[in-house]
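# A structural walkthrough
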Amino acid sequence: MPFLRIAIVLVCCWPLVVSAQTRVRVQPVVEAPIVEELPLSGSIISPRYSDLSTQVSGILMELKVDVGDSVNAGDVLLKLDDELQRLELQRLRAREEEAQLQFDDAQRLAEEAGRLVREQSFSKSQYDTLLAQQATEAVRLQQLEAEVNMARVSLERHTVRAPFSGIIGAKHAELGEWLGAGSPALQLVQINPLRVQASIPERYFEEVRPGTPVTISVDAYTGELIEAEVEQVVTSAEANTRSFLAWLDISNDAGRLAPGMSAHLMFALGHDAGNGQL
């Protein structure tokens, strides 16, 4: 009965073989958010640009920049002819200096007269006259100081400076042209940082919020990714698309990005514990 013996041995050993092959490892349960990815197309824009104009009228005498030039905040961009204004400021400053001398002299005379009045060796009426003269010279000096300040401000307004750092996006005037007050002369565009914006479908309005992680890529640099977070969601839907605008600012220190580029955004959407977690 050799076959019967072999069968009995196999049946007896079968539980040992099964138990050796079905080892189970127990791991602790970890609660983690389910992350859903939302791919959207967006665009890179400048967070601010400005059409720069002069505050006074005049002939354009100096144009220190051209289209595409980079400028820093405070740089001089253009100057109008300011010769007459400089002469006027010079004249007023001379009058101010004269008024200062006359005030100082009137003040000295009034102080001396006051000392003599206390010694009873000077007429009180004459002292009052000197005090009135001192007050008159003080008012005249104040008026001239105000006129000098006005002339100085007017002179400064013949120069246009960059209100922020950026590049010159457009030029609307040339040397020798007459510019009226308020006429646009240059366009300044901020390029660092830049802003990335995308339209969020209405169904994701509650899930995309400030702080939501975003991975950004652009066609110009295949394979390169930018990690960022949503900074703001505009809580006013576009009537035609029923979508909401989300935006964030990204650094552009190297100047590799430019306004107008398209962007591909991947939003990482997490759910709360009540909505399903592992």
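Let me sum up the structure you'll find in this document. Just so it is clear, the structure is predicted and the values come from calculations on it, not from any experiment.

Before going further, it helps to spend a moment on unusual backbone geometry. Peptide bonds are, in most cases, trans, and in most cases residues other than glycine have a negative phi. Between asparagine 192 and proline 193 the backbone carries a cis peptide bond, its omega angle lying at 0 degrees. Residue position: proline 193 is located in the loop between strand 9 (184–189) and strand 10 (194–201). Even without being a glycine, glutamine 120 presents a positive backbone phi close to 60 degrees. With respect to the element layout, glutamine 120 can be found in the loop between helix 2 (83–118) and helix 3 (124–156).

What follows covers the packing of aromatic side chains. Applying the stated rule across the entire model yields 1 aromatic pair. Ring geometry for phenylalanine 205 against phenylalanine 244: centres 4.3 Å apart, planes inclined by 35 degrees, an arrangement best described as tilted. Pair noted here: phenylalanine 205 is in the loop between strand 10 and strand 11 (213–217) and phenylalanine 244 is in strand 14 (residues 243–250), with a separation of 39 residues, a long-range link. Look at phenylalanine 244 and you get buried, because its relative accessible area is 11%. One residue, arginine 195, lies across the ring of tryptophan 247, its end atom 3.7 Å from the ring centre. Sitting above the plane of the tyrosine 221 ring, arginine 256 keeps its charged end 3.9 Å from the centroid.

Take the pairing of strand 15 (residues 262–270) next. The side-chain alternation of strand 15 yields one buried face, formed by Ala263, Leu265, Phe267 and Leu269, and one unburied face, formed by Ser262, His264, Met266, Ala268 and Gly270. Judged from the 4 bridges that link them, strand 11 and strand 15 form a sheet pairing that is antiparallel. What sits directly across from isoleucine 216, in strand 15, is leucine 265.

This brings us to the pairing of strand 5 (residues 76–80). By the bridge criterion, 3 bridges tie strand 3 (residues 58–63) to strand 5 in an arrangement that is antiparallel. Bridge assignment links glutamate 62 to a residue of strand 5, and that residue is lysine 79. Where strand 5 lies against strand 6 (residues 159–161), 3 bridges are found, and the strand directions are antiparallel. Across the sheet, valine 76 pairs through a bridge with arginine 161, a residue of strand 6.

With the rule as written, the count across this model stands at 13 salt bridges. Among the ionic pairs, lysine 64 bridges to glutamate 62, the shortest N-O distance being 3.0 Å. You can call lysine 64 partly exposed: its relative accessible area is 47%. Since its relative accessible area comes to 33%, glutamate 62 is described here as partly exposed. One continuous salt-bridge network, built from bridges that share partners, spans Asp66, Lys171 and Glu174.

Attention now goes to the side chain of threonine 212. Inspection of the secondary structure puts threonine 212 in the loop between strand 10 and strand 11. One polar contact links the side chain of threonine 212 to the main-chain carbonyl oxygen of arginine 209, over a distance of 2.8 Å. If we skip the residues at most four places from it in the chain, threonine 212 touches Glu207, Ala228, Glu229, Val230, Phe267, Ala268 and Leu269.

The 4 strands are arranged 2-9-7-4 in an open sheet whose pairing can be described as antiparallel. Whereas interior strands pair on both sides, the edge strands pair on one side only; in this sheet they are strand 2 (49–53) and strand 4 (70–71).

Calculation notes
Residues numbered from 1 in each chain as written. Predicted model: local features only at pLDDT ≥ 70, side-chain atom pairs only at ≥ 80, totals over all residues. Heavy atoms only, no water. Helix = DSSP H or I, 4+ residues; strand = E, 2+ residues; numbered from the N terminus. Phe/Tyr/Trp six-rings, centres within 6.5 Å; stacked < 30°, edge-to-face > 60°. Buried < 20%, exposed > 50% of the residue type's maximum accessible area, 1.4 Å probe, protein only. Lys NZ or Arg CZ within 6 Å of the ring centre and 35° of its normal. Pairing = 2+ DSSP bridges. Salt bridge = Lys/Arg side-chain N within 4 Å of Asp/Glu carboxyl O. Polar contact = N/O pair within 3.5 Å; in protein donor to acceptor, adjacent residues only side chain to side chain. Contact = heavy atoms within 4.5 Å.

Taken by themselves, the reported measurements are silent on function.
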